[in-house]
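Residues per chain are reported as follows:
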Amino acid sequence: MIDPAQLRKDFPALDQQVNGHPLVYLDNAATTQKPLAVINALDHYYRRDNSNVHRGLHELSNRATAAYEHARVRAAQFVNAADADEIVFTRGTTEGLNLIANTWGAVNISAGDEILLTEAEHHSNLIPWQLLAQRAGARLRFVPVRSGADGDTLDLDALEKLLAPPVKLFSFVHVSNTLALVNNAKKFCALARQRGIVSVIDAAQSIGHRPLDVRDLGCDFLSVSGHKMAGPTGIGFLYGRKELLEQLPPWQGGGEMLDSTTYETAKFKPAPHRFEAGTPNIADAIALSAAMDYLDAVGRDAIADHDARLSAYAYEKLGALDFLRILGPKSGRAGLTTFVMSGVHAHDVVEMANIFGIALRGGHHCNQPLMKKLNAPASARASFYLYNTAAEVDRLAETLVKIKQYFTR
Ligand code: 7TS
């Protein structure tokens with residue numbers, strides 16, 4: 001079991017007062033705080049090794065290149081990819097998904113084809129496919145979210161039926177950033193593969209919270225963001241199964257992604273370099289590697305266990321407040337709680353919580369169509385990470401009672 005009180009000391013941003021109260025940071029699904037190991041890695045890089053990669057023959061460039069390519073090897077290990085060449089550095093989950101839509105999609109999707117998503121997708125796993133479908137004349141299909149005795153869950157019978165030709169690609173969220181729903185990614189990928197359908201996992205909310213093994217999951221692509229796993233903003237990576245990645249055309253052109261060029265045409269480097277045009281985000285890739293070391297030192301099984309406990313505790317604690325409606329499934333929940341307070345707009349809840357030093361997120365959480373379907377166009381969300389404690393959940397619950405009282409005076 002991890003000791004959040006001890007781990008908090010690694011995260012300088014947590015040690016501050018907000019509006020006269022100790023900060024309770026519960027907006028981890030938006031972005032997590034960064035440990036000293038990550039801040040120090042950035043500091044070290046810029047103080048000592050700053051240089052461009054893959055081109056210099058001098059000491060600093062050699063160091064920067066070695067550290068950048070080590071980060072790729074580290075990312076491959078982190079998700080148990082067979083080969084570091086299966087890792088493309090991106091700006092984050094969104095860019096990785098756009099990369100697939102613009103490369104795999106450009107070659108494989110044409111008029112009459114279908115792309116399967118779920119109704120629980122974040123906009124970043126919706127809009128790239130909308131754009132592709134519009135360009136190619138393809139159609140989007142959606143596995144419905146249904147609301148029943150077990151809460152808001154995915155309709156798995158519908159999934160079985162929809163996952164069939166003319167669907168060519170199934171892209172789904174692993175852990176929903178609003179519903180706290182955890183999809184059975186391994187099963188979804190196995191079903192897709194049996195039916196000759198390419199699978200894509202949006203692992204933005206799972207990568208920093210549980211062990212992930214792309215070979216065990218059996219996915220074709222998996223996209224993640226560094227900033228949701230204790231790493232910096234502006235960096236993430238896309239895993240692509242080698243056989244697929246190797247065949248894909250580039251999507252952005254520029255320096256570093258080619259072997260040779262004339263004025264008319266170019267010969268491109270193999271994957272992953274052909275997908276990394278221009279000077280990459282060297283510093284943040286290196287610091288992301290430090291974040292992965294940090295998470296593995298804490299232990300990802302232990303983080304998952306802590307998430308599950310805190311999430312169950314929050315569900316029980318907030319569930320006891322009869323003026324809240326909590327979205328998502330009733331069991332097997334990930335480490336976040338999204339709720340609607342009766343008679344109080346989510347933005348008022350979040351602003352009032354801030355007065356008490358508590359950081360929440362309010363709005364549609366980039367899940368607009370889903371929130372509309374669930375008749376919760378605005379909701380507030382508390383999302384947890386390894387440094388959050390049960391005492392913080394208690395403070396949240398007490399504060400929500402105060403907020404409700406304030407608005408019903
Ligand atoms: N997919 C999911 C499930 C997400 O939760 C997010 C970000 C993304 C993709 C996009 O990640 P990005 O790093 O490329 O922006 N989710 C949130 C959130 O819930 N609040 O702020 C960002």
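Reading the values: the criteria
- Residues numbered from 1 in each chain as written.
- Predicted model: local features only at pLDDT ≥ 70, side-chain atom pairs only at ≥ 80, totals over all residues.
- Heavy atoms only, no water.
- Helix = DSSP H or I, 4+ residues; strand = E, 2+ residues; numbered from the N terminus.
- Buried < 20%, exposed > 50% of the residue type's maximum accessible area, 1.4 Å probe, protein only.
- Contact = heavy atoms within 4.5 Å.
- Areas by Shrake-Rupley, 256 points an atom, 1.4 Å probe, with all protein chains shown as cover.
- Lys, Arg positive; Asp, Glu negative; His and termini not counted.
- Charge placed at Lys NZ, Arg CZ, Asp CG, Glu CD.
- Near = heavy atom within 4 Å.
- Polar contact = N/O pair within 3.5 Å; in protein donor to acceptor, adjacent residues only side chain to side chain.
- Nonpolar A, V, L, I, M, F, W, Y, C, P; charged D, E, K, R; others polar.
- Pairing = 2+ DSSP bridges.
- Right-handed = clockwise from strand over helix to strand, strands pointing away.
- Axes fitted to C-alpha atoms, helices over the stretch in contact; angles between N-to-C directions.
- Parallel < 35°, antiparallel > 145°, perpendicular 65-115°, else oblique.
- Phe/Tyr/Trp six-rings, centres within 6.5 Å; stacked < 30°, edge-to-face > 60°.
- Lys NZ or Arg CZ within 6 Å of the ring centre and 35° of its normal.

Participant: I'd like a rundown of the overall build of the protein chain, residues and numbers included.
Facilitator: When its secondary structure is counted, the protein chain shows 15 helices and 19 strands. Along the three orthogonal principal directions, the C-alpha set of the protein chain runs to about 75 × 55 × 35 Å. Put simply, the protein chain has 409 residues, and 56% of those count as buried. Expressed as a percentage of contacts within the protein chain between residues at least 6 apart in sequence, the contacts between residues at least 24 apart total 71%. Total accessible area on the protein chain is roughly 16,800 Å²; 52% of this is exposed by carbon and sulfur atoms. Computing the positive centroid from 42 side-chain charges and the negative centroid from 44, the protein chain places the two 3 Å apart.

Participant: I'd like a rundown of the site of the ligand, residues and numbers included.
Facilitator: Around the ligand lies a shell of 16 residues, among which Thr94, Asp202, Ser225, Arg361 and Arg381 are the nearest. Contact between the ligand and Asn177: an oxygen atom at 2.8 Å from a side-chain N or O atom of the residue. In the model, an oxygen atom of the ligand is placed 2.7 Å from a nitrogen or oxygen of the His227 side chain. The fraction of the free accessible surface of the ligand (490 Å²) that becomes covered by protein chains is 87%. When its residues are assigned to classes, the shell around the ligand shows 4 nonpolar, 8 polar and 4 charged.

Participant: I'd like to hear about the pairing of strand 10 (residues 198-202), residue by residue, with values.
Facilitator: Burial runs high along strand 10: 5 of the 5 residues are buried. Of the two faces of strand 10, the one carrying Val198, Val200 and Asp202 and the one carrying Ser199 and Ile201 are both buried. In terms of strand pairing, strand 9 (residues 167-173) meets strand 10 through 5 bridges, oriented parallel. Counterpart to Ser171 in the pairing with strand 10 is Val200. Handedness of the crossover joining strand 9 and strand 10 through helix 8 (residues 185-194) is recorded here as right-handed. The sheet contact formed by strand 10 and strand 11 (residues 221-225) spans 3 bridges and is parallel. Looking across to strand 11, one finds that Ile201 is bridged to Leu222.

Participant: Give a detailed account of the side chain of Ser51, specifying residues and quantitative values.
Facilitator: Here Ser51 shows up in the loop between helix 2 (36-49) and helix 3 (59-78). The class of Ser51 is buried, set by a relative accessible area of 13%.

Participant: Please set out the pairing of strand 7 (residues 145-148) residue by residue, giving values where relevant.
Facilitator: Bridge analysis of strand 7 against strand 8 (residues 151-154) gives 4 bridges, and the strand direction is antiparallel. Residue pairing across strands places Ser147 opposite Asp152, the latter belonging to strand 8. Hairpin connection of strand 7 to strand 8: 2 residues between the antiparallel strands.

Participant: Hey, could you go over helix 4 (residues 93-102) for me, with residue numbers and the actual values?
Facilitator: Here helix 4 lies mainly inside the structure; 8 of its 10 residues are buried. Turning to helix 4, its buried residues are Thr93, Glu95, Gly96, Leu97, Asn98, Leu99, Ile100 and Ala101.

Participant: Which residues make up the packing of helix 11 (residues 282-298) against helix 12 (residues 300-319), and what values do they have?
Facilitator: Their axes nearest at 5 Å, the elements helix 11 and helix 12 cross at an angle of 75°. Classified by the angle between their axes, helix 11 and helix 12 sit roughly perpendicular to one another. Residues Leu295, Asp296 and Val298 of helix 11 touch helix 12, and the partners they reach there are Arg300, Ala302 and Ile303. Of the residues assigned to the contact of helix 11 with helix 12, the class counts are 4 nonpolar, no polar and 2 charged.

Participant: Any chance you could break down the side chain of Gln33 for me, citing the residues and the numbers?
Facilitator: Among the structural elements, Gln33 can be located in the loop between strand 3 (24-25) and helix 2. Residue Gln33 is classed as buried on the basis of its relative accessible area of 16%.

Participant: So what's going on with the packing of aromatic side chains? Residues and values would help.
Facilitator: In this description, an aromatic ring pair is defined by two values, namely the gap between the centres and the angle between the planes. Taken as a whole and judged by the stated rule, the model has 9 aromatic pairs. Their ring planes at 35° and their centres at 4.9 Å tell us that Phe170 and Phe172 sit as a pair that is tilted. A relative accessible area of 0% places Phe170 in the buried class. Between Tyr406 and Phe407, the ring centres sit 5.1 Å apart and the planes meet at 80°, which makes this aromatic pair edge-to-face. Put simply, the rings of Phe11, Tyr294, Tyr385 and Tyr387 pair up and form one aromatic cluster. The positively charged end of Arg300 is found above the aromatic ring belonging to Phe78, 3.5 Å away from the centroid.

As far as function goes, none of this settles anything; it's purely spatial.
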